[in-house]
Structures are given as C-alpha cells and as structure tokens.
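What follows is each chain in one-letter form.
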Amino acid sequence: AFTLLTISGLLILCGQFFGGGLFIRLARYIHIIGAILSAPAIFFMIVIWLKDMLPALCDIKWILIGGGYLSKKKFPIPAKKYNAGQKMWYWCAIPGGIIMLATGFIIWGFGASLDIIRLSVIVHMVLGMIIVAFFLTHLYFTLFAIAGSLESMKTGYKPEEEVHILHSLHKYKESDVIPGEHH
C-alpha cells in the first residue's frame, strides 16, 4: 500500500509533466486504493509495535554515535530490539500516516472550506516528502549499508554476531539462538 501511495502520489504531483489525462486519473484511483489499504495497516502497526517503539535512554546514545554507521570498526551499539532509527521511522510513519489519511480525505472533497482544503494540500505534500525521505533512508540502510539486513527482514532472523553488535541491549533467550547460524 505504501508503494502504491508513494508512486501514485508522485505521479499526481507531477501530473502536468506527464501530460495529465487518463494516466494521471488512473494514478488518482490507485492512490485512493492505496489509502484504503493502508488505513487498517496503520491500526495494526500501532497495536503490534507501540510498546517496542517507545523512546528509551539508549536511543539518545544511539543517536549520538549515529547508530555506529559512520564508524569503520564494529562495536556494540546501544539498542534494544529496535534502534532509534527504526523508532524514528515508526513515529514518522504512524502519526504521519494518520495525518496523511485525514488530509487526503479532506483533499478529495468531503465537505471542507477552500482554506481548509488548501492547508490540507500543503500539509499533505510536506508530510509526504518527509515520509518519502525517511523511507528512502530506510531503504538505503536496508539494501546497502547493512549487509544481510534485507534477508533478516524477510526471514525474521539475524546472525548472532549481528544481534550482539547492532542490538547489544536486546534480551533474547539463548534457546532462540543457534551459534553461527542466521537468527
């Protein structure tokens, strides 16, 4: 749903460049479908992850060292199950997604004054750019900066060494880990 919203939203934004017409009208319909699909997903993300995404003291330390991404040497990074970067993405995506849904609802013409619609368009576009920037940053780290992170996102497992380095404060049961295997 997020991918549908992002691509169709950018097409709508640049509709004049693409000549408008049927292609952009189709992008608008796809955008609505993406919004309908994302609404329940936002609710489930709140329920599933809210407790784990609350800020912790170790998040300040993580931010101060840039998550360890700028260092060439490996050392334990102060993070629990989710690091501060993942938490920032959550707190951008969830409230941002709710605001995007609300402003999108207003923009599509559900009975608001012209001034409210204009304000909604500005908020929708600015917030959309922020969310896309966070997404692209997340995508970069997932695909390029951290070897094996895409695989661990697909499987739910990370190598034991990686857990000890990137999530040094995360408590897990030893029975969940097979030394030397991907977890």
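Each remark here, short or long, concerns the structure printed above.
Quick summary incoming for the structure in this document.

## So, the overall build of the protein chain
A tally of regular secondary structure across the protein chain gives seven helices and zero strands. Going from N to C terminus, the protein chain has its helices and strands arranged as α-α-α-α-α-α-α. The dimensions of the protein chain, computed from C-alpha atoms along their principal axes, are 60 × 30 × 30 Å. A total of 183 residues make up the protein chain; the buried ones form 28% of that total. Put simply, 60% of the contacts in the protein chain that link residues at least 6 apart link residues at least 24 apart. Surface summary for the protein chain: the accessible area is close to 12300 Å², and the carbon and sulfur share equals 72%.

## Notes on the layout of surface pockets
Size it by volume and the second largest pocket reaches roughly 410 Å³. In terms of lining, the second largest pocket is formed by 17 residues, of which the most central are Lys74, Ala145, Ile146, Ile165 and Leu166. Residue contributions to the lining of the second largest pocket peak at four residues, all from helix α7 (residues 160–166). Broken down by class, the residue content of the lining of the second largest pocket amounts to nine nonpolar, three polar and five charged.

## Quick notes on the packing of helix α3 (residues 57–64) against helix α4 (residues 84–107)
Remark: α3 packs on α4, axes separated minimally by 9 Å, with the N-to-C direction vectors making an angle of 105°. In terms of orientation, α3 and α4 fall into the roughly perpendicular class. Of the residues in α4, those touching α3 at Asp59, Trp62 and Ile63 are Ala84, Gly85, Lys87 and Met88.

## Side note on the side chain of aspartate 59
If you trace the backbone, aspartate 59 turns up in helix α3. Among the polar contacts listed, one links the side chain of aspartate 59 to the backbone nitrogen of alanine 56, at a separation of 2.8 Å.

## Topic: α4
An ideal rise of 1.5 Å per residue puts 34 Å on 24 residues; α4 measures up with 33 Å between its terminal C-alpha atoms. Taken as a whole, α4 carries its principal kink of about 25° at glycine 96. Turning to α4, its buried residues number three or more, namely Ala84, Lys87, Trp89, Tyr90, Cys92, Ile94, Gly96, Gly97, Met100, Thr103 and Gly104. Here the buried face of α4 lies against α1 (2–13), α2 (21–49), α3 and α5 (114–145). Sitting at the amino-terminal end of α4 is asparagine 83, which places a side-chain oxygen 2.9 Å from the backbone nitrogen of glycine 85. Just downstream of α4 lies glycine 109, where phi reads positive at about 90°.

## Some words on the pattern of salt bridges
Pairing of side chains with opposite charge becomes possible as their charged atoms draw close. Under the counting rule described, the total for this entry stands at three salt bridges. Residues aspartate 59 and lysine 87 are paired through a salt bridge, measuring 2.9 Å at the closest nitrogen-oxygen approach. Separated by 28 residues along the polypeptide, aspartate 59 in helix α3 and lysine 87 in helix α4 bring together distant segments of the chain. Lysine 87 sits in the buried class, given a relative accessible area of 6%.

Definitions and cut-offs
Residues numbered from 1 in each chain as written. Predicted model: local features only at pLDDT ≥ 70, side-chain atom pairs only at ≥ 80, totals over all residues. Heavy atoms only, no water. Helix = DSSP H or I, 4+ residues; strand = E, 2+ residues; numbered from the N terminus. Buried < 20%, exposed > 50% of the residue type's maximum accessible area, 1.4 Å probe, protein only. Contact = heavy atoms within 4.5 Å. Areas by Shrake-Rupley, 256 points an atom, 1.4 Å probe, with all protein chains shown as cover. 1 Å grid on protein atoms, 1.4 Å probe; cavity = no way out; pocket = protein on both sides within 12 Å on 5 of 7 lines; lining within 4 Å. Points joined across faces, edges and corners; volume = space filled by probe spheres on them. Nonpolar A, V, L, I, M, F, W, Y, C, P; charged D, E, K, R; others polar. Axes fitted to C-alpha atoms, helices over the stretch in contact; angles between N-to-C directions. Parallel < 35°, antiparallel > 145°, perpendicular 65-115°, else oblique. Polar contact = N/O pair within 3.5 Å; in protein donor to acceptor, adjacent residues only side chain to side chain. Expected span 1.5 Å × (residues − 1). Bend = angle between axes of the 7 residues up to and from the residue. Salt bridge = Lys/Arg side-chain N within 4 Å of Asp/Glu carboxyl O.

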